[in-house]
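# Summary of structural features
Next come the chains, spelled out residue by residue.
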Amino acid sequence: MDHRHGFLNGLDEKKPVFLHPSDRWTGVLTVIENNRAQHKAWGPWTLGSVRKIKILSFLFGLMVTILIMASYILTRDQKGLFLTPSPYHLTVESHPAQLHLNLSFATDYTVVREVVRSIVAKVDFSQRRVPDLRQVREKEPNIFSAISRKFLPHLKNPCWYEEFFGNVTADPYGKNLYALYSKRFQAIYDHLRRAFPAHLHQHAGRQYRLRCLPFFYIIGQPKCGTTDLYDRLRLHPEVHFTTMKEPHWWTRKRFGIIRLSNGFHNPYPLNDYLDLFDQAANQIQDHLTSNSSKTHKKVDIIIGEASASTMWDNNAWVYFYDNGTEVEPPFLVQDFIHAVQPDARFIVMLRDPVERLYSDYLYFGMANKSVEDFHERVSESLHLFEGCLAERSIRSCIYNTTLNNLMPVRLQVGLYVIYLLDWLSVFSREQILILRLEDHAANRKITMRRVFEFLQLGPLTLQKEADITKSPASNTRRPANRNLGPMLPITKEILQSFYEPFNQHLAQVLRDPAFLWM
């Protein structure tokens, strides 16, 4: 079966269209997008394009050089904080001077507060336009031609038989891009290669391969405890996962995105993604074979997939789904998952978005991390977000690929309620379990029992439950990052003000004041 998606046809000619060229917001974006098409860096602050300039003298002070992409470079000095005007204002005739933020002066703090007030005043929670099923199927026909519309009735997990036409002695994973680029999983793929012929189902002189999708997805958010949840769920005897924790197929790999800043690579075919479930599919097949001569007994094994980008990352839309007039994505990841798996279940782990953002900053390997640098990046990102909101809706800015890559910190990931409402536009509330990391850290037993109940898993012995809930937490903050201490109080207050209206609406939607994080 041919699963070539053809996503990259005409990629060199396609440049995202934003607004009228006279708009000051578009002026910067157009320059950046044109450079992006030539595989240059995308923004003045992302991925090493921020350069530190030395202090020439105390008399001349700090100087700004306008060189890169959007004709803008922000200077940094680790000895102090800076509050920088948005680069969206660079298209006006006179460039505003850089404002130095001295923590001893309330006037500078007032400027930051005004930026946040300007953002909060523009917040709205309008509903998205949901595409109909026909539009979704027409947009990605290769997905729907490969996945069965009916799953095997005696399995709890969604699986189906696909006729196998290949050579049994050939390597079925030889061209799998996950296998080629994931050296740490080579041993697993070697085992799957050897086991492949024995797990083909024979019927009426034909050979069939059991294919499966996940019963549930852990979809977010990053730095909210998804790794710890994944590690604990793996210990349940009825739960199996993909051969790697975060395949990111729905959001990135199917488009050929490894890292968006590095341009596009070969898209990962759907078959490569389905191969990730083969280890669990083999166990399900073994159960089916053992039950073949007996009364059919329901196989309770379920498969999970845990990519923390699934809930929020739709950065590829502007390249593949933009028709030149859209300012919001016409299709989101959940539209395609819903079209193939309307009964799927989803688990979301959230935490205080202020602390999530700081943890996000500390996690990624950048040099010279400090609380002052974090504050500076937050200020820059707020200005960028404010500049976008001057021209567009909140949803348009959250899903704006250029803005997301310009912002030095991922402010948008903590706007949980926007993403949740968009998921609830296609899935029911009962299909999405929403947890708080704070509750999970305080009492893992209660959290895990909620997860087991949500997934309709069988009972555990007390010893097995203890093994799952009492193991040390996974993916905690590294010692070097812990040494930096908490963020500055002024940074925390700014971020709390920014996230407050979103948290309030989230608490209303979930009918749970705990999501106020007050």
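Placed above this text is the structure.
Thresholds, definitions, all that
- Residues numbered from 1 in each chain as written.
- Predicted model: local features only at pLDDT ≥ 70, side-chain atom pairs only at ≥ 80, totals over all residues.
- Heavy atoms only, no water.
- Bend = angle between axes of the 7 residues up to and from the residue.
- Helix = DSSP H or I, 4+ residues; strand = E, 2+ residues; numbered from the N terminus.
- Pairing = 2+ DSSP bridges.
- Axes fitted to C-alpha atoms, helices over the stretch in contact; angles between N-to-C directions.
- Contact = heavy atoms within 4.5 Å.
- Core = buried A, V, L, I, M, F, W, Y, C linked by side-chain atoms within 4.5 Å.
- Buried < 20%, exposed > 50% of the residue type's maximum accessible area, 1.4 Å probe, protein only.
- Disulfide = S-S within 2.5 Å.
- Salt bridge = Lys/Arg side-chain N within 4 Å of Asp/Glu carboxyl O.
- Phe/Tyr/Trp six-rings, centres within 6.5 Å; stacked < 30°, edge-to-face > 60°.
- Parallel < 35°, antiparallel > 145°, perpendicular 65-115°, else oblique.
- Left-handed = near helix turned anticlockwise from the far one by under 90°.
- Lys, Arg positive; Asp, Glu negative; His and termini not counted.
- Polar contact = N/O pair within 3.5 Å; in protein donor to acceptor, adjacent residues only side chain to side chain.
- Arc of directions from axis to C-beta.

What follows is about helix α21 (residues 489–510). Within α21, the axis deviates most sharply at Glu500, by approximately 45 degrees, and proline Pro501 lies no more than four positions further along. Phi turns positive, to about 55 degrees, at Arg511, one or two residues after α21.

Turning our eyes to something else, we now look at the sheet that holds strand β6 (residues 216–220). Taken in spatial order, the five strands of this open sheet run β7-β8-β6-β9-β10, and their pairing is parallel. Looking along the sheet, the strands with just one partner apiece sit at the ends: β7 (239–241) and β10 (432–436). The sheet shows a mean angle of 25 degrees between the axes of neighbouring strands, taken without regard to direction. Bridge count for β6 against strand β9 (residues 345–350) is four bridges, and the pairing is parallel. Of the residues in β9, the one forming a bridge with Tyr217 is Phe346. Against the sheet, helix α16 (residues 416–424) makes contact with β6, β9 and β10, and its axis sits at roughly 165 degrees relative to β10, the strand it touches most.

Counting 135 residues, the largest nonpolar core has Phe216, Leu233, Trp250, Tyr273, Ile347, Phe385 and Leu455 as the members making the most contacts within it. Ranked by residue count, the leading element in this core is α21, at nine residues. Sequence-distant contacts of Phe385, defined by excluding residues within four places in its chain, comprise Ile119, Ile394, Cys397, Ile398, Leu403, Met407, Leu415 and Phe498.

Glancing now at the state of the cysteines. If you walk through the whole model with that rule in mind, you get two disulfides. Bridging Cys159 to Cys212, the disulfide has an S-S length of 2.1 Å. Judged by the sign of its S-S torsion, about 105 degrees, the bond between Cys159 and Cys212 is right-handed. One end of the pair, Cys159, is in strand β3 (residues 159–163); the other, Cys212, is in strand β5 (residues 206–212), with 53 residues separating them in the sequence. The class of Cys212 is buried, set by a relative accessible area of 1%. Shown here is the disulfide that connects Cys388 with Cys397, its sulfur atoms set 2.1 Å apart. Taking the torsion about the S-S bond as the criterion, the Cys388 to Cys397 disulfide, at about -105 degrees, is left-handed. We classify Cys388 as buried; its relative accessible area is 0%. With cysteine numbering restricted to those in disulfides and following the sequence, the chain has the pairing 1-2, 3-4.

Whenever strands of a sheet pair, they do so through backbone hydrogen bonds, lying parallel or antiparallel. One open sheet holds the three strands; their spatial order is β3-β5-β4, and the pairing between them is antiparallel. Of all the strands in the sheet, the pair left with one neighbour each is β3 and β4 (201–203). Across this sheet, the average inter-strand angle for adjacent strands is 40 degrees, counted without regard to direction. As judged from the five bridges shared by β3 and β5, these two strands associate in the antiparallel manner. Residue pairing for β5: Glu163 is matched across the bridge by Tyr208. Contacts from helix α9 (residues 278–290) reach β3, β4 and β5 within the one sheet, and its direction differs from that of β5 by about 120 degrees.

To continue, consider unusual backbone geometry. The step from Gly220 to Gln221 runs through a cis peptide bond, and the omega angle for that step is -10 degrees. You will see that Lys223, though not glycine, has its phi angle at about 60 degrees, which is positive. Looking at the element boundaries, Lys223 is found in the loop between β6 and α7 (226–233). Residue Lys223 is classed as buried on the basis of its relative accessible area, which comes to 16%. Phi is positive for Arg511, which is not a glycine, with a value near 55 degrees. Here Arg511 is to be found in the segment after α21. Overall, the relative accessible area of 78% leaves Arg511 in the exposed class.

Right, let's get into the pattern of salt bridges. Evaluated as defined, the whole model comprises 24 salt bridges. Across the pair Arg134 and Asp132 runs a salt bridge, and its minimum N-O distance is 3.9 Å. Assessed through its relative accessible area of 37%, Asp132 is described here as partly exposed. Taken together, the shared-partner salt bridges connect Glu162, Arg209, Arg211, Asp275 and Asp278 into one network.

Take the side chain of Asn503 next. With respect to the element layout, Asn503 can be found in helix α21. Among residues more than four places away in sequence, those in contact with Asn503 are Pro353, Phe515, Leu516 and Trp517.

Once that is clear, we can look at the packing of aromatic side chains. One pass over the full model with this rule turns up 33 aromatic pairs. With a centroid separation of 5.9 Å and 55 degrees between ring planes, the pair formed by Tyr173 and Tyr189 is classed as tilted. Here Tyr189 lies in helix α6 (residues 186–195) and Tyr173 lies in the loop between β3 and α5 (177–181), a separation of 16 residues in the sequence. Classification of Tyr173 as buried rests on a relative accessible area of 1%. Ring geometry for Tyr321 against Phe331: centres 5.6 Å apart, planes inclined by 65 degrees, an arrangement best described as edge-to-face.

The subject of this paragraph is the packing of α7 against helix α18 (residues 444–454). Where α7 meets α18, the closest approach of the two axes is 12 Å, and the angle between their N-to-C directions is 70 degrees. Taken together, α7 and α18 sit at an angle that is classed as roughly perpendicular. You can see that α7 and α18 cross each other, and the crossing is right-handed. Residue-level inspection shows Asp228, Leu229, Arg232 and Leu233 of α7 in contact with α18, the latter providing Arg444, Met448, Val451 and Phe452.

Residue placement: Lys369 occurs in the loop between α12 (353–363) and α13 (371–389). An unpaired buried charge is present at Lys369: no salt bridge exists, and Asp373, the closest side chain of opposite charge, is 9.1 Å distant. Polar side-chain contacts of Lys369 include one of 2.7 Å to the backbone oxygen of Leu362. Other than its neighbours up to four places away in sequence, Lys369 contacts Tyr361, Leu362, Phe364, Asn481 and Leu484.

All of the buried residues in α6 are Tyr189, Leu192 and Ala195. Each buried residue of α6 sits inside an arc of 125 degrees when the element is viewed along its axis, so together they form one side. Facing away from the buried side of α6 by more than 90 degrees, the exposed set consists of Ala187 and Arg194. Turning to α6, the residues buried within the fold contact α5 and α9.

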